[in-house]
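Overview (structure and organization)
If you want the building blocks of each chain, they are given just below.
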Amino acid sequence: MEKFGEELLDDKILVQWNNKYEQGETLSNQDNSFATEDNSALARWTNTQKSLGYLLPAELKIRLAALKLRHDEETLSWEGMYRQLSHFSERNGHVCLPPEPKLAGLKDWLVRQILNQRLLSESQYQRLNRLGVDWDTPISKDHRWRQMYLKLKDFHNAFGHCRVPQKWEQDKQLALWVTNQRKMRTKDKLREDRLRLLSALGFMWCVKSEYDAQWEAHFQELLFFQQAHGHCKVPGNHQSLGKWVERQRISKKKNRLSAERKKRLDKLNFIWSFDTIKSKTWDKRYAQLQAFQQKNGHSFVPINFSENKKLGNWVASQRGLEANGRLEPIKKKKLDELGFVWSRDTQRQIHAIYDAQWEVNFEKLKAYSRAHGTCQVSLKTAPALQRWTSLQRQYFHQGRLPADRIDKLNTIMFPWSVQDSYWMQMYRALAAFYKEFGHSSVPSRWHATPTLAAWVYRIKLNRKQLTSRQVKLLNDIHFDWTLIKKNAIPWTAMYERLLAFRKEHGHTRVPVKWPEDPKLGKWVSRMRSDKDKLAPARIALLDEIAFDLGRRL
């Protein structure tokens, strides 16, 4: 029997994942957001994938990381729950949530953070730590079972099934829990409500029975294919069946395929080895190359040869095999007799063509940047150029973009992601500020770019996360790296200071530059300027002490 759980991701889920990802990629390229109702489902899917990122295969995680979409912070579930917990802490001075129905969801979320603390980022852990979260909080067996069930639900959402492999390295705790649920049911000790929850999720109670059923379903699919086409050579567009067929060959090779299953496959004339078929295919393509050579006087078949694309691909594969020393000498000799053009000459010609095309697109990008002030190309304005820039980013993240091309793109401040595009936008604003004033100490709420001061502060705070290119750009404008950390004082604490001032002076008209408490003067001024943004509860508290917000009556 094949190792159970060898391929976790369900094929149907993978197809759905790719479809959703392509929609998100198109939206990202259009520099759009998920604000419209039509895109709400896509927003939910993206948020779900981000929350399940620790479960996804490495390839999907890399692709998801490259998909930079702008979200309203309110839509991010972790941030939303954290804000609820933070507000509770501000009101009550602790995060010990009482057993109230309205707080059940928040309490459930907090327990998950405690149980899965090793999966939290350093930033998330520290933020919860500052709220006073007790990481050693005792958790009831019922609550722990519920949390493990929710982890299994995450697994199901990520992979499309509940077949958690035994001793799964990604989460050994979940793998052991799943095994225990099967044992509990076998001993008739699993509670009825838990049995219903797991069954509704499609829980697999018997691994062997489930695997046997899957094998039989794929065998019947192969039988229908053989009856329809007269052979078992399943093409690549039958992804699920094609993978299953290949697994049967591997199982037989490793002596893991039962005699009964091999016998059933043999009755369908199942192909266990492609050596004979490959030999016939090679001879067929060679005959086609002979005909091409006789007609055209050479054997330099383009890889995108429209009259016979298979021949073009085959010719290219022969060059690749010869370059890697894997082409049989007798085949190489036969190709040499036709004056076959090998890798050294071909690569030089192909590279020359590709290099020229790359330079043409690079010049187009420079012209676009001059006209629009950015290298973030709009899909609507220049679709071909936008696809080319997306390809450069893809090659860059895969480590396939040559260093000289990276350097050339960096000279025009090419953004390697949507986040990089925003970073360059803010950098240009800072460079303009430096050019005008000769320094980078941006005042709070600078009128030209109100968010620039906050961005500068974050840059200093997160210097270690900057790339060497970004550090160099900032040093070029003599950026002041001195970091003066802000000590945020809770709103309630400042309100208490205002009450003390009123008690002493009989009014709340604190001078903006009051020497005895400068922070209070600034805070009072900010309350008036931000009166339209204050929460109703805070406005009510200020009204109670006759604070003048400067509102029109």
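The structure presented is a predicted model; accordingly, all values stated were derived computationally and were not measured.

This part takes up the overall build of the protein chain. Looking only at helices and strands, the protein chain features 24 helices and 0 strands. For the protein chain, the proportion of its 553 residues judged to be buried stands at 39%. Contacts in the protein chain between residues at least 24 apart in sequence constitute 53% of all its contacts with a sequence separation of at least 6.

Okay, the packing of helix H22 (residues 491–505) against helix H24 (residues 536–544) next. Direction vectors running N to C along H22 and H24 enclose 10°, while the axes themselves pass 11 Å from each other. It follows from the interaxial angle that H22 and H24 lie roughly parallel. Two secondary-structure elements touch here, H22 through Trp491, Tyr495 and Leu498 and H24 through Arg538, Leu541 and Leu542. Across the contact of H22 with H24, the residue classes tally to 5 nonpolar, no polar and 1 charged.

Moving on to the pattern of salt bridges. Going through the model one piece at a time under the given rule, you end up with 16 salt bridges. The shortest N-O distance in the salt bridge between Glu79 and Arg127 comes to 2.9 Å. Linking Glu79 in helix H4 (residues 77–92) with Arg127 in helix H6 (residues 122–130), this pair joins segments that are 48 residues apart in sequence. Across the pair, exposure class does not vary: Glu79 and Arg127 are buried alike. Between Asp193 and Arg191 there is a salt bridge; the shortest N-O distance is 3.0 Å. Among the residues examined, Asp193 registers a relative accessible area of 32% and is labelled partly exposed. Relative accessible area serves as the criterion here: at 38%, Arg191 is assigned to the partly exposed category. In this structure, a network of salt bridges that share partners links the residues Asp142, Arg191, Asp193 and Arg194.

Given a rise of 1.5 Å per residue, 12 residues ought to cover 16 Å, and the 17 Å separating the end C-alpha atoms of helix H23 (residues 518–529) matches this to within 8%. All of the buried residues along H23 are Leu520, Gly521, Trp523, Val524 and Met527. The arc that holds every buried residue of H23, seen down its axis, measures 165°, which confines them to one face. Turned more than 90 degrees away from the buried face of H23, the exposed residues are Lys522 and Ser529. At its buried positions, H23 is contacted by H22 and H24.

Let us now look at the packing of aromatic side chains. All chains considered together, the criterion is met by 21 aromatic pairs. A ring pair is formed by Trp145 and Tyr149, whose centres lie 5.7 Å apart and whose planes are at 5°; its orientation type is stacked. Note that Trp145 and Tyr149 are positioned in helix H7 (residues 141–159) at a spacing of 4 residues, about one turn of the helix. Residue Trp145 shares its accessibility class with Tyr149, and that shared class is buried. Ring geometry for Phe479 against Trp481: centres 4.7 Å apart, planes inclined by 75°, an arrangement best described as edge-to-face. Taking relative accessible area as the criterion, Phe479 reaches 6% and is therefore assigned buried. Every member of this aromatic cluster is reached through a ring pair, and the members are Trp78, Tyr82 and Trp109. Above the plane of the ring of Tyr82 lies Arg127, whose end atom (NZ or CZ) is 4.4 Å from the centre. The ring of Trp205 has Arg185 sitting right over it, with the charged end atom 4.8 Å from the ring centre.

Another aspect to go through is unusual backbone geometry. Negative phi is the rule for most residues except glycine; trans is the rule for most peptide bonds. Even without a glycine there, the phi angle at Asn269 is positive, about 60°. By secondary structure assignment, the location of Asn269 is in the loop between helix H12 (259–266) and helix H13 (275–296). Despite not being glycine, Met413 shows a phi value in the positive range, around 55°. Tracing the backbone shows Met413 in the loop between helix H18 (403–411) and helix H19 (418–437). On the accessibility criterion, Met413 (25% relative accessible area) is partly exposed.

Before going further, it helps to spend a moment on the confidence of the model for the protein chain. For the protein chain, per-residue confidence averages 80 on the pLDDT scale, and 83% of positions sit at 70 or higher. Ignoring residues within four places in sequence, the model shows residues 1–7, a span with pLDDT below 50, making 19 contacts including any to other chains. Low pLDDT, under 50, characterises residues 33–38; the stretch is placed with 11 contacts to residues that sit more than four places away or in other chains.

Looking now at the side chain of Ser440. Turning to its location among the elements, Ser440 is positioned in the loop between H19 and helix H20 (452–461). What makes Ser440 buried here is its relative accessible area of 3%. Polar contacts involving the side chain of Ser440 include one to the main-chain amide nitrogen of Asp480, which spans 3.2 Å. Non-local contacts of Ser440, meaning those with residues more than four positions away in its chain, are made with Leu430, Phe433, Tyr434, Val456, His478, Phe479 and Asp480.

This brings us to the packing of H7 against helix H9 (residues 192–200). Running from N to C, H7 and H9 cross one another at 10°; their axes reach a closest spacing of 11 Å. Comparing the axis directions of H7 and H9 gives the class roughly parallel. Residues Lys141, Asp142, Trp145, Arg146, Tyr149 and Leu152 of H7 form the contact with H9, whose participating residues are Arg194, Leu197 and Leu198.

Next up on the list: the environment of Thr482. If you trace the backbone, Thr482 turns up in the loop between helix H21 (468–476) and H22. Between the alpha carbons of Thr482 and Tyr457 there is a distance of 9.7 Å; along the sequence they are 25 residues apart. Here Asp480 takes part through its side chain, which lies 2.8 Å from a polar atom of the side chain of Thr482.

Reading the values: rules and limits
Residues numbered from 1 in each chain as written. Predicted model: local features only at pLDDT ≥ 70, side-chain atom pairs only at ≥ 80, totals over all residues. Heavy atoms only, no water. Helix = DSSP H or I, 4+ residues; strand = E, 2+ residues; numbered from the N terminus. Buried < 20%, exposed > 50% of the residue type's maximum accessible area, 1.4 Å probe, protein only. Contact = heavy atoms within 4.5 Å. Axes fitted to C-alpha atoms, helices over the stretch in contact; angles between N-to-C directions. Parallel < 35°, antiparallel > 145°, perpendicular 65-115°, else oblique. Nonpolar A, V, L, I, M, F, W, Y, C, P; charged D, E, K, R; others polar. Salt bridge = Lys/Arg side-chain N within 4 Å of Asp/Glu carboxyl O. Expected span 1.5 Å × (residues − 1). Arc of directions from axis to C-beta. Phe/Tyr/Trp six-rings, centres within 6.5 Å; stacked < 30°, edge-to-face > 60°. Lys NZ or Arg CZ within 6 Å of the ring centre and 35° of its normal. pLDDT = per-residue confidence, 0-100. Polar contact = N/O pair within 3.5 Å; in protein donor to acceptor, adjacent residues only side chain to side chain.

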